[in-house]
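# Chains, contacts and geometry: an overview
Now for the letters of each chain:
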Amino acid sequence: MSSQLINGKEIGQQIRVSIKEEVQQLATKGITPGLAVILVGEDPASHTYVANKEKACQQLGIYSELIKLPEQTTEEQLLQQIEQLNSSAKIDGILVQLPLPKHINEQKVIETISPLKDVDGFHPVSVGKMLLGQETFLPCTPHGVMKLLEFSNVDVAGKHAVVIGRSHIVGVPMGQLLLQKDATVTYCHSKTPDLEAITKQADILVVAVGRAKMIKSHHIKEGAVVIDVGMNRDEFGKLCGDVDFADVVDHTAAITPVPGGVGPMTITMLMVNTIQSAKMKLV
Ligand SMILES: NC(=O)C1=CN([C@@H]2O[C@H](COP(=O)(O)OP(=O)(O)OC[C@H]3O[C@@H](n4cnc5c(N)ncnc54)[C@H](OP(=O)(O)O)[C@@H]3O)[C@@H](O)[C@H]2O)C=CC1
Ligand SMILES: Nc1nc(=O)c2c([nH]1)NC[C@@H]1CN(c3ccc(C(=O)N[C@@H](CCC(=O)O)C(=O)O)cc3)C=[N+]21
Ligand SMILES: [Mg+2]
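Residues numbered from 1 in each chain as written. Chains lettered and ligands numbered in written order. Predicted model: local features only at pLDDT ≥ 70, side-chain atom pairs only at ≥ 80, totals over all residues.

If you check an unreviewed UniProt entry, the protein appears there as Bifunctional protein FolD from Kurthia zopfii. Recorded in UniProt for the protein, the comment headed Pathway (unreviewed entry) runs: "One-carbon metabolism; tetrahydrofolate interconversion." What UniProt records for the protein under Sequence similarities (unreviewed entry) is the sentence "Belongs to the tetrahydrofolate dehydrogenase/cyclohydrolase family." (UniProt positions renumbered as here; feature names shortened; annotations may be inferred.)

Structure representation (structure tokens):
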């Protein structure tokens, strides 16, 4: 079976061209969208993602501020930093890179970000609105996956979508966005006894587990669409997804690669949210 490669790098670039025009429109009204990214500690993977976010801002004419704080930063210091950004006129979006060092309460940090600047869509107010289908900042990775499906002409309505993973930042919102597009949604997680029995029924399979190449051809129904959110290193230190691409690809109708699939879309949706936030200054 010949499979369609869902090229997230290309689709992401396409979306960035149209949002660049929006940034130029805003500039004529004296508005420059601004994004602040806070990075606590020295996690090397986080540094790569953050660098990609900075690059995208530069490419689009979005003002960006990278705030690097040492590993030993106290929760109090971090909360103060966020409050300062909440009241900064130059900043429309605030992203605190996760995970945070263990001595800092992530939930408290997320709840300190103003919902008006919550471009990650992780604040309980944003999550609640998302669940209710109200306008809000959608979480970047699940939103990016929905755009990938849309641009690849994958119909979601009436399909059985299976999501592996139930994290608050990927799995849970992913299932909800698919549900809102009229998919029948099943969640799988580490307590699912017979994973394969469920994934074999998926017309659309979204994998967000964090285990290198765990999904093999025996998990897949012939002709399924497979979206790989995973970002791992394989035994040779090479970037790879949660899906064993080589094993699975010939059984799929369409599949995302890693890298070049979901990752670039996450960044693009962050830019979309930052511009959405800046536009609120217009009214
Ligand atoms: N491309 C991108 O833009 C992004 C990529 N990522 C990547 O996506 C992956 C997932 O991230 P995230 O959601 O934050 O990860 P988490 O570790 O928070 O969640 C992993 C989920 O997978 C489930 N799980 C773990 N092992 C199994 C198993 N053997 N079978 C079935 N389910 C299992 C867990 O179940 P339980 O809840 O029971 O523990 C959990 O719900 C990672 O590789 C991460 O790096 C993340 C964000 C953005
Ligand atoms: N508050 C917060 N928001 C996040 O959105 C967030 C986070 N914390 N913590 C970590 C995860 C992970 N994540 C990625 C972003 C970009 C790529 C990305 O650009 N990937 C490229 C290249 C990656 C590379 O070359 O290393 C690709 O897949 O092609 C991947 C993963 C955002 N996350
Ligand atoms: Mg996590």
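This part is about the UniProt feature "binding site: NADP(+)" (unreviewed entry) in the protein. When the UniProt feature table is mapped onto this chain numbering, "binding site: NADP(+)" (unreviewed entry) sits at Gly165, Arg166 and Ser167. Mapped onto the elements of the fold, Gly165 is located in the loop between strand 5 (160–164) and helix 7 (171–180). Classification of Gly165 as buried rests on a count of 23 C-beta atoms within 10 Å. Sequence-distant contacts of Gly165, that is, excluding residues within four places in its chain, are made with Val170, Gly171, His189, Ala208 and Val209. As for its placement among the helices and strands, Arg166 is situated in the loop between strand 5 and helix 7. Not counting chain neighbours up to four residues away, the residues in contact with Arg166 comprise Gly171, Val172, Tyr187 and His189. (Helix = DSSP H or I, 4+ residues; strand = E, 2+ residues; numbered from the N terminus. Buried ≥ 20, exposed ≤ 12 C-beta atoms within 10 Å, placed from the backbone. Contact = placed C-beta atoms within 7 Å.)

A few words on the site of ligand 1. Of all residues adjacent to ligand 1, which total 25 residues, the nearest are Ser167, His189, Ser190, Gly210 and Thr266. Looking at the shell around ligand 1, the element that brings in the most residues is helix 10 (residues 262–279), giving three residues. (Near = placed C-beta within 6 Å.)

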